[in-house]
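Here is what each chain is made of, one letter per residue.
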Amino acid sequence: MTLPARSVISPRPLRFAQLSFAYVWKQGAVAVAYYAAAQFSIAYATLPDAASTPVWFAGGIAVGAMLAYGVELWLGIFASILVLEFIFFKGWESTNSLMLAIAVTFIATLGKVIAAVWSDRLTQSRSPLDSPADVVRFILAAFLSHLPIGMLCAALVCNFGKAPWAAYRQIFITWWLSDAFGIVLVAPLLLAWSSTRSLDLFQFRNAIRQHWLEAAVMVVLVIGISEVALVGKYPVEYLLIPVIVWAAFRFRSPGATLVMVLLSLLAVISTAKGLGSFARSSMNESLLVLQSCIAAIALTTLLLCAVLYQNDQSKQALRDANHSLEDRVQQRTAELAQANAAIVDLNERLKQENLRMAAELDVVRQIQGLILPTPEELSAIQTLDVSALTDLTDEDSTDYFDVVETDGIVTLSIGIVGGRGLESGVLMLMVQTAVRTLAELRDRSSVRFLQTLNRTLYKNIERLSAQRQQLTLAVLNYLNGSLSVSGQHEDLVVVRASGRVERVSMTELILPLGLEFDITAFTKRASVELQPGDGIVLYTSSLPSALDENGVMYGLDRLYRVVGQHWAQPASAVHRAVIQDVRQHMGQENVLDNLSLLVLKRRL
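Residues numbered from 1 in each chain as written. Predicted model: local features only at pLDDT ≥ 70, side-chain atom pairs only at ≥ 80, totals over all residues. Heavy atoms only, no water.

Where an unreviewed UniProt entry is consulted, the protein appears under the name SpoIIE family protein phosphatase, with the organism given as Thermoleptolyngbya oregonensis NK1-22. Its UniProt record gives the protein a comment under Subcellular location (unreviewed entry), which states: "Cell membrane". (UniProt positions renumbered as here; feature names shortened; annotations may be inferred.)

What follows is the structure in structure tokens.
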């Protein structure tokens, strides 16, 4: 069974609590208990006129109650002490007697409060029974706090004539030790049986139910050994120690402290009658020696109970941690099962998606292969030597180019269709159809050509999907050595017959197609004159960005150098030289995107 952690009721600063039934009941209860214990102790007073008794269990009740339930109980203790001292010193007889009673009341109450508060501060608001170190601090607080109290009270009694100054030393030692012994013996009983020791009380109740026979045997042994040791003349008091240790192990601090108090009561009664091995010529001396022995046993017992309590707390913490760990493991197992199910479902969907995408890409590659111009179509162009190649991959973008001749006008188009899947293939097919349709209309204005093409694509792209497709496209019209260029693509490479390379920027000629319905304000054109032997090179971005095994790009400078070195050869030879050089640069690396190259030369 899991128990809640101990709730610490720490002594608080002196104050008047809000008046309530519970407050009044607690104050009255502690006052009555203190008064009853004091009446028992007064019966053994050695100097009745000086209120000096070697037995003062009432001090333990006061300090134990304040430690267990709050220092605010000082008020009930003060009232009880005032009544007792008024009776002791017959405060009704004279003003001096009344003043003595009031002074001793204030000093005695202050001593109890100091002992409770000091013990609480030394143990850092823990119960003094929680650890061996706290037990030692509690004992020190009990003895040291009442040392000045005994000195002051003894001085007051002697000064007011209730006892001679020759008896000061005896009164002081008796007052000091009786209070300290009472705290050490009785206060732990109240602490052990208070609500602050829920774990010990729980174990005590279970132990009584399960081991009632042991408890009965233990009581018989205590009575029997006490009879022999405290009534007879046999010094066998040490036999009580195993019984108390047995009580501590079996019944924890509630059982051990209860046995200690019962033993103390029996010992005091028998020793006061002059019985047992503690009997001396003076009853004051006899009772002090007796309580010294019992206090030593109590100290050992309290240390043992503190060690057992710490052990029980550690076991309980381990049990709680184990239960918590089991709960966390079950929760994490359930979470992992859900995550695994989600992963399996996701893998299945990804598998289906991959199959679908593979089928779509296969269709796109087929479309791309069907609409690209054939070598026969390129060789049929009389005025130009044209060679082209596209290396197909499975990547997102799709390269597109086309070359068509109508009435001596050669229209070249090259671009990249963004997106993935079937939509990009359909868009590429739209572009090819629209370009060839416009070419058949004999419109030589590349600017008007692109504007018309853009409007057509814009409307069709809206039907494809909610996600906007993107297209970069350049259109070149060639007639009689004049090349008109419009559109957006990689830089146009112009190669003269001598092999000299020139660059024409195409980045600012137009926006990507299909993004805006009207691109009139953004459309520009450029013109290039080609002499016999001159030509152009068009490529997609994947060619100069091809990487080798070290991550180094192929680059434009290397492209220009290879083109210039082989330009004297036919377009197909230039084309093969560039592709071979790119492959050599890449080595074992794969092409990451569609790689397209178009070489065009004006025939001599």
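### Quick notes on the pattern of salt bridges
Counted under the stated rule, the structure contains 10 salt bridges. With its nearest N and O atoms 2.5 Å apart, the salt bridge here joins Glu502 to Arg500. Here the salt bridges share partners, and the residues they tie into one network are Arg496, Arg500, Glu502 and Asp534. (Salt bridge = Lys/Arg side-chain N within 4 Å of Asp/Glu carboxyl O.)

### Considering empty space enclosed by the protein
Using the criterion set out here, one finds six cavities of 30 Å³ or more in the structure. By volume, the largest cavity is sized at about 130 Å³. Lining the largest cavity are 13 residues, and of these Ala51, Trp56, Glu85, Trp175 and Asp179 sit closest to its centre. Breaking the lining of the largest cavity down by element, the ones donating at least two residues are helix H3 (74–88), helix H4 (95–122) and helix H6 (168–192). The greatest single-element share of the lining of the largest cavity, amounting to three residues, is contributed by H6. For the lining of the largest cavity, a count of residues per class yields seven nonpolar, three polar and three charged. (1 Å grid on protein atoms, 1.4 Å probe; cavity = no way out; pocket = protein on both sides within 12 Å on 5 of 7 lines; lining within 4 Å. Points joined across faces, edges and corners; volume = space filled by probe spheres on them. Helix = DSSP H or I, 4+ residues; strand = E, 2+ residues; numbered from the N terminus. Nonpolar A, V, L, I, M, F, W, Y, C, P; charged D, E, K, R; others polar.)

### Focus: the nonpolar core
The biggest cluster of nonpolar side chains holds 88 residues, and the ones touching the most others in it are Tyr34, Met66, Phe89 and Ile171. At 13 residues, the largest contribution of residues to this core is made by H6. Grouped together as the second largest cluster of nonpolar side chains are 25 residues, Val403, Met506, Val528 and Leu538 included. (Core = buried A, V, L, I, M, F, W, Y, C linked by side-chain atoms within 4.5 Å. Buried < 20%, exposed > 50% of the residue type's maximum accessible area, 1.4 Å probe, protein only.)

### Digging into the pairing of strand E6 (residues 492–495)
Of the two faces of E6, the one carrying Leu492 and Val494 and the one carrying Val493 and Val495 are both buried. Across four bridges, E6 lies against strand E7 (residues 501–504) in antiparallel orientation. Within the sheet, the bridge partner assigned to Val495 lies in E7 and is Val501. The hairpin turn running from E6 into E7, its antiparallel successor, is five residues long, and Gly499 in that turn takes a positive phi close to 95°. Where E6 lies against strand E9 (residues 535–539), three bridges are found, and the strand directions are antiparallel. Opposite Val495, over in E9, you have Gly535 as the bridge partner. (Pairing = 2+ DSSP bridges.)

### Observations regarding the packing of helix H1 (residues 21–42) against H3
It is the contact of H1 with H3, at a shortest axis distance of 7 Å, that shows an interaxial angle of 35°. Between H1 and H3 the crossing geometry is right-handed. Residue-level inspection shows Tyr23, Gln27, Val30, Ala31, Tyr34, Tyr35, Ala38, Gln39 and Ile42 of H1 in contact with H3, the latter providing Leu75, Gly76, Ile77, Ser80, Ile81, Val83, Leu84, Ile87 and Phe88. Residues that form the contact of H1 with H3 fall into these classes: 14 nonpolar, four polar and no charged. (Axes fitted to C-alpha atoms, helices over the stretch in contact; angles between N-to-C directions. Left-handed = near helix turned anticlockwise from the far one by under 90°. Contact = heavy atoms within 4.5 Å.)

### Considerations on the packing of helix H14 (residues 556–565) against helix H15 (residues 571–586)
Contact geometry of H14 with H15 gives a least axis separation of 9 Å together with a crossing angle of 140°. The angle between the axes of H14 and H15 places the two elements in the oblique class. Between H14 and H15 lies a crossing whose hand is right-handed. The segment H14 lies against H15, with Arg558, Leu559, Val562 and Val563 engaging Val574, Ala577, Val578, Asp581 and His585. Split by residue class, the contact of H14 with H15 holds six nonpolar, one polar and two charged. (Parallel < 35°, antiparallel > 145°, perpendicular 65-115°, else oblique.)

### Considering the side chain of Ser387
Within the element layout of this structure, Ser387 appears in strand E1 (residues 384–391). Overall, the relative accessible area of 12% leaves Ser387 in the buried class. In contact with Ser387, not counting residues within four places along its chain, are Leu378, Ala571, Ser572, His575, Leu597, Leu598 and Val599.

### Topic: the side chain of Thr271
Summarising the element assignment, Thr271 is placed in helix H9 (residues 240–272). A relative accessible area of 3% means that Thr271 is categorised as buried. One polar contact links the side chain of Thr271 to the main-chain carbonyl oxygen of Ala267, over a distance of 2.7 Å. Setting aside its immediate chain neighbours within four residues, Thr271 contacts Phe278, Ala279, Ser286, Leu287 and Leu290. (Polar contact = N/O pair within 3.5 Å; in protein donor to acceptor, adjacent residues only side chain to side chain.)

### Considering the packing of aromatic side chains
Counted under the stated rule, the structure contains 11 aromatic pairs. Ring centres of Tyr34 and Trp56 lie 6.2 Å apart, and the angle between their planes is 75°; this geometry places the pair in the edge-to-face category. One end of the pair, Tyr34, is in helix H1; the other, Trp56, is in the loop between H1 and helix H2 (57–69), and 22 residues separate them in sequence. In this structure Tyr34 comes out as buried when scored by relative accessible area, which is 1%. Classification of Trp56 as buried rests on a relative accessible area of 10%. (Phe/Tyr/Trp six-rings, centres within 6.5 Å; stacked < 30°, edge-to-face > 60°.)

### Description of the pairing of strand E4 (residues 471–479)
Residues in a regular strand project their side chains so that they alternate between the two faces of the sheet. Burial analysis of E4 places nine of its nine residues in the buried class, which makes it a mostly covered element. Burial along E4 is two-sided: Leu471, Leu473, Val475, Asn477 and Leu479 and Thr472, Ala474, Leu476 and Tyr478, pointing in opposite directions, are all buried. As paired elements, strand E3 (residues 409–417) and E4 share eight bridges and run antiparallel to each other. Within E4, the position partnered with Val417 by the bridge is Leu471.

### A word on H2
Its 13 residues give H2 an end-to-end C-alpha distance of 18 Å, which sits within 8% of 18 Å, the value for a rise of 1.5 Å per residue. Here H2 lies mainly inside the structure; 12 of its 13 residues are buried. Listed as buried for H2 are Phe57, Ala58, Gly59, Gly60, Ile61, Ala62, Val63, Gly64, Ala65, Met66, Leu67 and Ala68. A positive phi of about 115° marks Gly70, the residue just after H2. (Expected span 1.5 Å × (residues − 1).)

### Observations concerning the environment of Leu84
Along the chain, the position of Leu84 falls in helix H3. Leu84 gets classed as buried once you look at its relative accessible area, which sits at 2%. Through-space distance from the C-alpha of Leu84 to that of Gln39 is 8.6 Å; in sequence the pair is 45 residues apart. Once residues within four sequence positions are removed from consideration, Leu84 is found in contact with Tyr34, Tyr35, Ala38, Gln39 and Ile42.

### Some thoughts on the confidence of the model for the protein
In the predicted model, the protein carries a mean pLDDT of 80, and 82% of its residues have values of at least 70. Below a pLDDT of 50 lies the segment residues 1–17, which in the model reaches 47 contacts outside its immediate sequence neighbourhood of four places, other chains included. (pLDDT = per-residue confidence, 0-100.)

### Considering the environment of Tyr168
Turning to its location among the elements, Tyr168 is positioned in helix H6. Residue Tyr168 is classed as partly exposed on the basis of its relative accessible area of 23%. With 15 residues separating them in the primary sequence, Tyr168 and Cys153 have C-alpha atoms 9.8 Å apart. The residues touching Tyr168, leaving out its near neighbours within four places in the chain, are Met151, Ala154, Ala155 and Cys158. Polar contacts involving the side chain of Tyr168 include one to the main-chain carbonyl oxygen of Met151, which spans 3.3 Å.

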